Structures are given as C-alpha cells and as structure tokens.
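# An overview of the molecular structure
For reference, the chains in residue letters:
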Amino acid sequence: MEIVRLFSRRLLFWIIFFMGITCALINSALYLAMDYIVKKLSVLSQVADAPPELLILNESGAAAAAVNQFYLPAVICLFLITGLLLWLCLRMSLSKLMTDYEARAAVPADKPGKLSEFDIKEKERADKRLFLHLFSVLQREGRLMDFFSEDIEEYDDEQIGAAVRNIHDNCKKAVDKYLTAAPVVEQEEDEDILVEPGFDPNAVKLTGNVTGDPPFKGIVRHRGWKAENLELPSLSGSRDPEIIAPAEVEIL
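Residues numbered from 1 in each chain as written. Predicted model: local features only at pLDDT ≥ 70, side-chain atom pairs only at ≥ 80, totals over all residues. Heavy atoms only, no water.

What follows covers the packing of helix H3 (residues 117-142) against helix H5 (residues 157-178). The geometry of H3 relative to H5 is characterised by a closest axis approach of 8 Å and an angle of 135 degrees between their N-to-C directions. Of the possible angle classes, the one that applies to H3 and H5 is oblique. The hand of the H3/H5 crossing is right-handed. Listed contacts from H5 to His133, Val137, Leu138, Glu141 and Gly142 of H3 are Ile167, Asn170, Cys171, Ala174, Val175 and Tyr178. (Axes fitted to C-alpha atoms, helices over the stretch in contact; angles between N-to-C directions. Helix = DSSP H or I, 4+ residues; strand = E, 2+ residues; numbered from the N terminus. Parallel < 35°, antiparallel > 145°, perpendicular 65-115°, else oblique. Left-handed = near helix turned anticlockwise from the far one by under 90°. Contact = heavy atoms within 4.5 Å.)

Taken from the UniProt record, the annotation "transmembrane region" (unreviewed entry) applies to residues 12-34 and 70-90. Between the C-alpha atoms that bound residues 12-34 there is a distance of 32 Å. The span itself is 100% helix and 0% strand. (UniProt positions renumbered as here; feature names shortened; annotations may be inferred.)

Once that is clear, we can look at H3. For H3, spanning 26 residues, the distance from its first C-alpha to its last is 37 Å, which sits close to the expected 38 Å at 1.5 Å a residue. Where H3 bends most, at Leu132, the angle is about 35 degrees. Within H3 the residues assigned to the buried category are Arg129, Leu132, His133, Ser136, Val137, Leu138, Gln139 and Gly142. Taken together, the buried residues of H3 touch helix H4 (144-149) and H5. Backbone geometry just downstream of H3 places Arg143 in the positive-phi region, at approximately 55 degrees. (Expected span 1.5 Å × (residues − 1). Bend = angle between axes of the 7 residues up to and from the residue. Buried < 20%, exposed > 50% of the residue type's maximum accessible area, 1.4 Å probe, protein only.)

Okay, the packing of aromatic side chains next. Scanning the entire structure with this criterion turns up 2 aromatic pairs. Seen from their ring centres, Phe17 and Phe18 are 5.4 Å apart, and the 80 degrees between their planes marks the pair as edge-to-face. (Phe/Tyr/Trp six-rings, centres within 6.5 Å; stacked < 30°, edge-to-face > 60°.)

So, about a nonpolar patch on the surface. Taken together, Phe13, Trp14, Phe17, Phe18, Ile21 and Leu25 make up a surface patch of nonpolar side chains, about 650 Å² in accessible area. Topologically, Trp14 is positioned in helix H1 (residues 2-45). Judged by its relative accessible area of 45%, Trp14 falls in the partly exposed class. (Patch = residues over 30% accessible without salt bridge, like charges linked within 9 Å, V, L, I, M, F, W, Y side chains within 5 Å. Areas by Shrake-Rupley, 256 points an atom, 1.4 Å probe, with all protein chains shown as cover. Salt bridge = Lys/Arg side-chain N within 4 Å of Asp/Glu carboxyl O.)

Structure below.
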C-alpha cells in the first residue's frame, strides 16, 4: 500500500530525528557532568593534606571518564534500536488498520443479509401495500374502482361522459399529489424525430421498419411519460395490505 510506505518513511525520519536530539542532550549532560566531577576531583586531590578517600574518588572518576568513551556510543545504539522498534510497531499497526479499512470498504454497504421468515413476510406485506396504495388513493379521491366495477352497458354515451369527467378530474388531482409526470421526448405527436445512437430502449420504443443501426428517422406516435418528481407515501404496518378501500357502514 503506497500510503503506508510514504507514511512509514516520514515516520522513520521523525523518530530518528527526535531520538537523536534526545540522545545528544542526555549524552551531553552526562559528559559535561562527568567532566566537571573529574576536573574537580583532580584539583582537590593535588592538595597536600588531601584525605585518602579523595584520592580514591579521583581514581574512580578518572576510570569513569575512560569508560565514558564506550558508554556514549552504547547509549546512542540503544536509542537507535529503541527508535527502530518503535517505528516497526507503528508501521505494523498502520498497515493492519489500512488492511481492515480496505476490507470493510470492499464490502458493499447494501449487501443483503439473510432475512428471516418474518422479515420476508413483512417485506412482501409492505410491497403489496405500496402497490395497492395508488388504487386506494384513486378510489378514495375519484371512485375509480367503483367506476370499473360498474356495468356501463345500460348507460348512454352522454351519461358515461359526464361521469368520466368528474372521475378524471378527481383522479388527476390524486395522481398529481404524488407524481409529477413529463413527456419522454420534446417533440409533439406526429412530428419528425431523429433517434440518435446510444438511445435508451427503455425510454424510446421503436416500431415499424426497424433495420440497421441508429440514427433512425421516424415519427412520434406517443411522447411517453417519465416521472420528474415522485413522493412515496409512508405506510403504517398495521393495515391489511389487501384492503384497497374500506367498506362504509352508516350506523342508524
């Protein structure tokens, strides 16, 4: 992973940088302190009546100063090893985090899980209610189902026309409440149209002498309809999905 490599390089640089500064400060402080002590003991030991203990301390300080040349490189190596171990731990942690993140990102968020039998029935119930809701609205607003179930053979055309006008107005209001429809093509019916290559066959249905590849020249027989705005109703889960319109009973 490129991002892990780039981050690891920068992380290694800054770890070595700060470890080096810390090591230099500590070693410098120890070296200066040891040098000061050795020089002080050396001056005091040259006094004529210097006690034997001071001479022993002077010899110990000189020996410590000699060891100091080996101690400083050892401390530097220790800091470098600690910095490298810290860098390796951080790099492994970052690599694992990135691997887990990419694995989660590769899984589709909408991947369906296994539904229980109850969930399947509830989904079927909701889908059925949503499908029948339009018929329920058209029945409530325009009495459309009553019109379809009526035997119109015994009525003349004028009576049917008067009834249809009222049903048409009420049903149109109900449809406009949830759906804003627009024509698929801009041309009017019976006007010429050029069907360009790459057209959507679900949006434009070709009839007649269809041969070869587009572009096609033709005549608009129907403009089609598409939904520009759709508002789905929120349905409660308590209603029977098979009920389109409830029966009305007047209590006497």
